[in-house]
Structures are given as C-alpha cells and as structure tokens.
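Here's the letter readout for the chains.
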Amino acid sequence: MTFSDAIHTCFSKFFTFSGRAARPEYWFFFLFIVIWSVIAGIIDAQFFTQVAVTETETSRSVAATSSQPVKGIVSLIVFFPHLAVAWRRMHDTGRSGLYALLPILLILGAFATLFFGIGLASSFQHGSNLDILFTRATLLIVIPTLLILFVSPLLVLWWLSRPSQPGTNQYGPNPYEVAQ
C-alpha cells in the first residue's frame, strides 16, 4: 500500500470500525496527520498569532498567542478517520478496537475517581474519619491509575506496530492475503 492509497482508504472508510488495517495503512495515515499538523501549525503561526510587547522601566517581555484555528480544523477532520484506522489496526493484531482508546479511558476513569472521591470526602467534616477514609481510598485508586496512564500510550503504540495476525481472525481476513 502506498502513501496515497493509505490516505484514500482511510478517508473512504471514515466511519468503518469493522475489518482490519495493515501496518502501512495506519502508519502512512499517521504520517499524513503529522505532516498536515505541522503545515497547519505553520499557517497558524504566520497568520493567526498575536504578539504583545510589555515594557517596564527595567524589563521588556514579548508574548505570542494563537487560537490555532487551522490546526483545530485539521484535527477535527482527521479525528474519526484516525480513530477508525487505529481501531481496524488493533483488529489486525487480534485485539479489540477498544484497546486504541485505553489511554483516553484511563484519563476519564482517573478524573471520575478524583471528582467523585474527593467530592464524597468533602461532604464530611474536614479531618473526620470518613473524610480521611475517602481521601485515602481515592488516592489508592488514582495513583496506580496514573502510573498505568503513563505506560498505556507506549503499550498502545507497541500494539499498533505489531505485525498482522496471520490468516483470518474474528475481525476478518488478513489484509495482506486479500490483496494478493
């Protein structure tokens, strides 16, 4: 599969989460996303950056800010195709597509635990036994979740880089065998 074939395939399977995607399909589309993100960042820097200069008697500071509208638009355009191809790539390695969402699910779980755990603890009198119990229980859950959160993107990256599972698996035929 060539670079242009991968881009065409990923955009034509915009919302297709079934089937399998070979490594070149995923990684060429990932390269496409990186290239367009850099181009969008350059456009944003050139046309949408506001520079503010603040001067005092002793110092001068310059601050540049940008709302990055072009990069935001590019991100919105490629979000679902990227998610779909990552989902199909996980299928190609014999895993559920949900594994592509593992870091996001861990972030949501950590925030939910913090929100409800600390919220529940704050409903009790500060320093009471229940306040301390819920605070410590929340930390017992959140700290390992955060440790796993730092490892999970590397694990997902490793899974995405694995070779195709030979033969047909529960998600469909091997893309290399179908193409031949």
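Described below are features of the structure shown in this document.

1. Brief notes about helix H5 (residues 129-161)
With 33 residues, H5 should cover 48 Å at 1.5 Å per step; its first-to-last C-alpha distance of 48 Å lies within 8% of that length. Maximal helix bending in H5 amounts to about 35°, located at Val151; proline Pro153 follows within four positions. The set of residues buried in H5 consists of Asp131, Thr138, Val142, Thr145, Leu149, Ser152, Val156, Trp159 and Leu160.

2. A few points about the packing of helix H2 (residues 23-47) against helix H3 (residues 69-92)
Running from amino to carboxyl end, H2 crosses H3 at an angle of 170°, the nearest separation of the two axes being 10 Å. With respect to their mutual orientation, H2 and H3 come out roughly antiparallel. By residue class, the composition of the contact of H2 with H3 is 15 nonpolar, 3 polar and 6 charged.

3. Focus on the pairing of strand S2 (residues 60-66)
With 7 bridges joining them, strand S1 (residues 49-55) and S2 adopt antiparallel strand pairing. Counted as the bridge partner of Val51 is Ala64 from S2. Hairpin connection, S1 to S2: the antiparallel pair is bridged by 4 residues.

4. Considerations on the packing of aromatic side chains
Overall, the coordinates contain 13 aromatic pairs when judged by the stated rule. When the centroid spacing of 5.9 Å and the interplanar angle of 80° are considered together, the rings of Phe3 and Phe28 count as edge-to-face. In this pair, Phe3 sits in helix H1 (residues 3-12) while Phe28 sits in helix H2, placing the two residues 25 residues apart along the sequence. Relative to Phe32, the ring of Phe29 has its centre 5.7 Å away and its plane inclined at 25°; by these criteria the two rings are stacked. Here the residue Phe29 and the residue Phe32 both occupy positions in helix H2, the gap between them amounting to 3 residues, near one helical turn. In this structure, Phe29 and Phe32 share a single accessibility class: buried. Among the aromatic side chains, those forming a connected cluster through ring pairs are Phe11, Phe29, Phe32 and Trp36.

5. Some details on the nonpolar core
Generally speaking, a soluble globular protein has its nonpolar side chains buried in company with each other. Of all hydrophobic cores here, the largest spans 15 residues; its most connected members are Phe29, Phe32, Val85 and Met90. Of all the secondary structure elements, the ones that give two or more residues to this core are H1, H2, H3 and H5. Among residues more than four places away in sequence, those in contact with Phe32 are Phe3, Ile7, Phe11 and Val78.

6. Describing the pattern of salt bridges
As enumerated under the stated definition, the model contains 4 salt bridges in all. Between Glu55 and Arg60 there is a salt bridge; the shortest N-O distance is 3.5 Å. Each member of the pair, Glu55 as well as Arg60, carries the same accessibility label: exposed. Between Asp92 and Arg89 there is a salt bridge whose closest N-O contact spans 2.5 Å. Placement of both Asp92 and Arg89 in helix H3 is noted, with a separation of 3 residues, approximately one turn of the helix.

Quick notes on the rules
- Residues numbered from 1 in each chain as written.
- Predicted model: local features only at pLDDT ≥ 70, side-chain atom pairs only at ≥ 80, totals over all residues.
- Heavy atoms only, no water.
- Helix = DSSP H or I, 4+ residues; strand = E, 2+ residues; numbered from the N terminus.
- Expected span 1.5 Å × (residues − 1).
- Bend = angle between axes of the 7 residues up to and from the residue.
- Buried < 20%, exposed > 50% of the residue type's maximum accessible area, 1.4 Å probe, protein only.
- Axes fitted to C-alpha atoms, helices over the stretch in contact; angles between N-to-C directions.
- Parallel < 35°, antiparallel > 145°, perpendicular 65-115°, else oblique.
- Nonpolar A, V, L, I, M, F, W, Y, C, P; charged D, E, K, R; others polar.
- Pairing = 2+ DSSP bridges.
- Phe/Tyr/Trp six-rings, centres within 6.5 Å; stacked < 30°, edge-to-face > 60°.
- Core = buried A, V, L, I, M, F, W, Y, C linked by side-chain atoms within 4.5 Å.
- Contact = heavy atoms within 4.5 Å.
- Salt bridge = Lys/Arg side-chain N within 4 Å of Asp/Glu carboxyl O.

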